[in-house]
Number of protein chains: 2
Amino acid sequence: MSVPTLVIHGGCGVIPRAQMSAAREAGFRASLRASLEAGWAVLAGGGPAMAAVEAAIAVMEDDPNFNAGHGSAFNADGAHELDASIMDGATLRAGSVASTRRIRNPIRVVAELARRGADPLMLAGEGADRWAADNGFAMVENGYFATDWRRAALEEIRARARAGTLAAAPESEKHGTVGAAALDAAGHLAAGTSTGGYTNKMVGRVGDSPIIGAGTWADDRTCAISATGKGEFFIRKVLAHEIHARMLWGGQSLAEASRAMIHDELSGWAAGAGLVALDRAGNTVMPYDTEGMYRGKASPAGIEVAVYAA
Amino acid sequence: MSVPTLVIHGGCGVIPRAQMSAAREAGFRASLRASLEAGWAVLAGGGPAMAAVEAAIAVMEDDPNFNAGHGSAFNADGAHELDASIMDGATLRAGSVASTRRIRNPIRVVAELARRGADPLMLAGEGADRWAADNGFAMVENGYFATDWRRAALEEIRARARAGTLAAAPESEKHGTVGAAALDAAGHLAAGTSTGGYTNKMVGRVGDSPIIGAGTWADDRTCAISATGKGEFFIRKVLAHEIHARMLWGGQSLAEASRAMIHDELSGWAAGAGLVALDRAGNTVMPYDTEGMYRGKASPAGIEVAVYAA
């Protein structure tokens, strides 16, 4: 028997502290808490890590505070393309969708793909939307994902692009993702990730969130991980699977391997990176190299949430 | 200085020996040789591994004998969706496209994405086609990829699906991929993979070929790998990166790690799997667990090609 534990993130692209009002930060903290409570209800009831991850992420997808589902960033066409993945550490089954436009909750679709555990594992574009619709998932018009906040961000990024000040844009407009990793009472691990990408991303651009091994990984032998940050770098490092490999083959702890990847391996690339993870013993880590990361943890000891460094 | 070496595959889904005429096998062998000659011309001239991989794969994409580019399998809609990726072991730069429908040579587009080494690394669907067109790559109508052979295969698979005999379909209709891995005189490694998927695949289904770490991996510290086979399993094992990790962190040789993955780790899943790979010292492996694998090697010792077990 393991001690059930859940960790979540709402992305390492936080609103800069100087621009964050107390009321708004309280809103983010309440959103994180709601996600943790949904996932924790599953784990506390003896439910599986996969279901806890799905429940926690679905809440964040529905919450306009986070860049996933409703509240997703606008791409360069002023539309929304969503990516997500999930992985079951007990079976290594996984599901993934990339560039979907009409799936209300991508995490629910990838969870079903993982449950089936067959072919397809990954679906892209219109094919993903078609499969979800054919299998009875809630579908929406693309405009459902829009929020005034993200629309304003698109205008700001476009203005920065014209002015040549894109590099100085705050992290909150460069990336955002939600994710969760869980350990259930039966000792099984799971992880999932969901995103709207980033503001003004090229149409069709896919980051690490739907890539098994890059943004998401779970294996009962080692750890469960969901990453957030500049996806291209995570893909090039196969970041989540690399942490697993350092543990399995290199004898590193989760903390050692995670620190090495976020603070050493990626630091030279100035990527903006973070992750939440836990190992089979329930040890948790939430490293990031940005100003903050929306994050939280639920365990029998209670629920904790944070945005900036303590 | 390293001894330049190139290995290629045209997929582990070979036509069963009993159905392969001598003339047809000679055709496949000539096709493999043409690919090796194109890649070898780059390496022999002192050119980079990335260019050799691109050249070798482009020849196979243009060759109707292989399931990539012209000659790609038909999906369930009777159309073609192509996936490809490439990775530079010197820089870990990579490029990837998934579910493209109009790019004549996907390997050339992913090579350009890798050269730029920025964002986007991966493009899916219509966005990939748009980027390629905007950047001057040769575009075609989807019908360009069609061949009578693959159209007949679609009809046969559909008949098998109706008759419930899909599982007994030959490997040649279940998957097919092309790939290459190279070591250049400067000691740099590169690998790439390109595919039309498999006959009657679900629209939007993405396999391991465009996934960095699953179907393609290159890192100068260890090895360069291109995989072929049932992509869902490769994604779940992050197969190519796992071989790298066993070498880097576990001290295994390329031969040990590759054998473990193809013959032990995947054997229980009856996946149909193969790969070509080489390490930084120029040691090459070409394991597969099917009846054969279109494959070949070019080095200063000459060019060798093979289809079935020797």
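Predicted model only: the values in this text are computed from it and were never measured. (Residues numbered from 1 in each chain as written. Chains lettered and ligands numbered in written order. Predicted model: local features only at pLDDT ≥ 70, side-chain atom pairs only at ≥ 80, totals over all residues. Heavy atoms only, no water.)

Participant: So what's going on with the overall build of chain A? Which residues, and what values?
Facilitator: Summing up its helical and strand segments, chain A has 9 helices and 13 strands in all. For 310 residues, the compact-globule formula gives about 19 Å, and the C-alpha radius of gyration of chain A, at 17 Å, lands near that figure. The principal-axis extents of the C-alpha atoms in chain A amount to approximately 55 × 45 × 35 Å. In chain A, buried positions account for 66% of the 310 residues. The contacts of chain A with a sequence gap of at least 6 include a subset with a gap of at least 24, amounting to 69%. In the structure as shown, chain A presents an accessible area of about 9,800 Å², 51% of it carried by carbon and sulfur atoms. Each charge class in chain A was averaged separately, 29 positive and 34 negative side chains, and the resulting centres sit 2 Å apart. (Helix = DSSP H or I, 4+ residues; strand = E, 2+ residues; numbered from the N terminus. Rg over C-alpha atoms; globule rule 2.2 N^0.38 Å. Buried < 20%, exposed > 50% of the residue type's maximum accessible area, 1.4 Å probe, protein only. Contact = heavy atoms within 4.5 Å. Areas by Shrake-Rupley, 256 points an atom, 1.4 Å probe, with all protein chains shown as cover. Lys, Arg positive; Asp, Glu negative; His and termini not counted. Charge placed at Lys NZ, Arg CZ, Asp CG, Glu CD.)

Participant: Could you give an account of the pairing of strand S13 (residues 302-308) of chain A, with specific residues and numbers?
Facilitator: Residues and elements named next belong to chain A. Across 6 bridges, strand S12 (residues 292-299) lies against S13 in antiparallel orientation. Residue Arg295 lies in a different strand from S13, and its bridge partner there is Ala306. Counted along the chain from S12 to the antiparallel partner S13, the turn is 2 residues long. (Pairing = 2+ DSSP bridges.)

Participant: Give a description of the sheet that holds strand S5 (residues 178-183) of chain B that names residues and reports values.
Facilitator: Strand order in the open sheet formed by 9 strands is S7(A)-S4(B)-S3(B)-S2(B)-S6(B)-S5(B)-S1(B)-S12(B)-S13(B), and the pairing between neighbours is mixed. The sheet is open, and its two edges are formed by strand S7 (205-206) of chain A together with strand S13 (302-308) of chain B, each paired on a single side. Across 5 bridges, strand S1 (residues 5-9) of chain B lies against S5(B) in antiparallel orientation. In the sheet register, Thr5(B) faces S5(B), and the bridge partner there is Leu183(B). Docked against the sheet, helix H1 (residues 22-44) of chain B engages S1, S5, strand S12 (292-299) and S13 of chain B, running at close to 145° with respect to S13(B). (Axes fitted to C-alpha atoms, helices over the stretch in contact; angles between N-to-C directions.)

Participant: Quick rundown of the interface of chain B and chain A? Include the residues and the values.
Facilitator: Facing the 42 residues of chain B at the interface are 42 residues of chain A. Between chain B and chain A we count 6 salt bridges in total. Among the ionic pairs, Lys230(B) bridges to Asp119(A), the shortest N-O distance being 2.6 Å. Our count for the contact surface shared by chain B and chain A stands at 19 residue pairs in polar contact (both at pLDDT 80 or more). If you tally residues by element for the side of chain B that touches chain A, the top one is helix H8 (residues 239-248) of chain B, at 5 residues. Here the side of chain B that touches chain A is built from residues that sort into 21 nonpolar, 10 polar and 11 charged. Taken together, the 2 bridges between strand S4 (residues 122-124) of chain A and strand S7 (residues 205-206) of chain B define a ladder with antiparallel strand orientation. When the bridges of S7(B) are listed, Met122(A) appears paired with Val206(B). (Salt bridge = Lys/Arg side-chain N within 4 Å of Asp/Glu carboxyl O. Polar contact = N/O pair within 3.5 Å; in protein donor to acceptor, adjacent residues only side chain to side chain. Nonpolar A, V, L, I, M, F, W, Y, C, P; charged D, E, K, R; others polar.)

Participant: Quick rundown of the side chain of Asn105(B)? Include the residues and the values.
Facilitator: All names here are of chain B. Tracing the chain through its elements places Asn105 in the loop between strand S3 (93-100) and helix H3 (106-116). At a separation of 3.1 Å, a polar atom in the side chain of Asn105 contacts the side chain of Asp62. Residue contacts for Asn105: discarding those within four places in its chain leaves Ala58, Glu61 and Asp62.

Participant: Explain the sheet that holds S12(A) residue by residue, including any values.
Facilitator: Ordered by their spatial adjacency, 9 strands build an open sheet running S13(A)-S12(A)-S1(A)-S5(A)-S6(A)-S2(A)-S3(A)-S4(A)-S7(B), and the pairing between neighbours is mixed. Of all the strands in the sheet, the pair left with one neighbour each is S13 of chain A together with S7 of chain B. Packed on one face of the sheet, helix H2 (residues 49-62) of chain A meets strand S1 (5-9), strand S2 (82-88), strand S5 (178-183) and strand S6 (189-195) of chain A and runs near 155° to S5(A).

Participant: I'd like a description of the nonpolar core, backed by residues and values.
Facilitator: Leu239(A), Ile243(A), Leu275(A), Leu239(B), Ile243(B) and Leu275(B) are the most contacted members of the largest nonpolar core, which has 90 residues in total. Setting aside chain neighbours within four positions, we find Leu239(A) in contact with Gly213(A), Ala214(A), Ala227(A), Phe234(A), Met261(A), Ile262(A), Leu266(A) and Leu275(A). One finds Leu6(A), Leu36(A), Ile107(A) and Tyr308(A) within the second-largest nonpolar core, a separate group that totals 44 residues. (Core = buried A, V, L, I, M, F, W, Y, C linked by side-chain atoms within 4.5 Å.)

Participant: Describe the relation of the copies chain B and chain A, naming the residues involved and giving the relevant values.
Facilitator: Relating one copy of the chain to the other requires a rotation about an axis plus a shift along that axis. Once chain B has been moved 0.0 Å along the axis and rotated by 180°, it coincides with chain A to within an RMSD of 0.0 Å. Both copies of the chain, as the preceding transformation shows, are related through a two-fold rotation axis. When C-alpha positions in chain B are compared against the rotation axis, the closest is assigned to Trp249(B), at 2.6 Å. When the interface residues of chain B are mapped onto chain A, 100% of them again fall at the interface, so both copies present the same face. (Least-squares fit on C-alpha atoms with pLDDT ≥ 70 in both.)

Participant: Let's hear about empty space enclosed by the protein: which residues, and what values?
Facilitator: Residue and element names in this part refer to chain B. For the coordinates displayed, the defined rule picks out 6 cavities of 30 Å³ or more. Here the largest cavity defines a volume of roughly 90 Å³. Lining the largest cavity are 15 residues, and of these Thr177, Thr195, Arg205, Asp208 and Gly229 sit closest to its centre. Taken together, the residues of the lining of the largest cavity break down into 2 nonpolar, 9 polar and 4 charged. (1 Å grid on protein atoms, 1.4 Å probe; cavity = no way out; pocket = protein on both sides within 12 Å on 5 of 7 lines; lining within 4 Å. Points joined across faces, edges and corners; volume = space filled by probe spheres on them.)

Participant: Before we move on, can you summarise the pattern of salt bridges with the specific residues and values?
Facilitator: Any two side chains of opposite charge can pair if their charged atoms end up close together. Residues and elements named next belong to chain A. Considering all chains together, one arrives at 34 salt bridges over all chains under this definition. Measuring nitrogen to oxygen at the nearest pair gives 3.8 Å for the salt bridge that ties Arg29 to Glu25. You can see Arg29 and its partner Glu25 sitting in helix H1 (residues 22-44), 4 residues apart, about one turn around the helix. Accessibility expressed as a relative area gives 32% for Arg29, which makes it partly exposed.

Participant: How would you explain the side chain of Thr199(B) if you had to name every residue and give the values?
Facilitator: Residue and element names in this part refer to chain B. Looking at the secondary structure, you find Thr199 in the loop between strand S6 (189-195) and S7. According to the relative accessible area criterion, Thr199 is buried, its value standing at 4%. Apart from residues lying up to four places away in sequence, Thr199 is in contact with Ala73, Phe74, Ala153, Leu154, Ile157 and Glu173.

Participant: Please set out the packing of aromatic side chains residue by residue, giving values where relevant.
Facilitator: In this structure the tally under the stated criterion is 12 aromatic pairs over all chains. With 6.1 Å between their ring centres and 75° between their planes, Phe66(B) and Tyr294(B) make a pair best called edge-to-face. In this pair, Phe66(B) is assigned in the loop between helix H2 (49-62) and strand S2 (82-88) and Tyr294(B) in strand S12, connecting sequence segments 228 residues apart. What makes Tyr294(B) buried here is its relative accessible area of 2%. An aromatic cluster of at least three residues, connected via ring pairs, comprises Phe28(A), Phe66(A), Trp149(A) and Tyr294(A). It is Arg24(A) that lies over the ring of Trp149(A); its NZ or CZ is 4.5 Å from the centre. Lys230(A) extends its terminal NZ or CZ atom over the ring of Tyr198(A), reaching a point 4.7 Å from the ring centre. (Phe/Tyr/Trp six-rings, centres within 6.5 Å; stacked < 30°, edge-to-face > 60°. Lys NZ or Arg CZ within 6 Å of the ring centre and 35° of its normal.)

Participant: Summarise the layout of surface pockets; cite the residues concerned and give the values.
Facilitator: Space inside the largest pocket adds up to approximately 420 Å³. For the largest pocket, the lining is made up of 19 residues, of which Asp119(A), Leu166(B), Lys174(B), Tyr198(B) and Lys230(B) are closest to its centre. Among the elements that make up the lining of the largest pocket, the one with the highest residue count is helix H6 (residues 171-174) of chain B (3 residues). When the residues that make up the lining of the largest pocket are grouped by side-chain class, the tally is 9 nonpolar, 4 polar and 6 charged.

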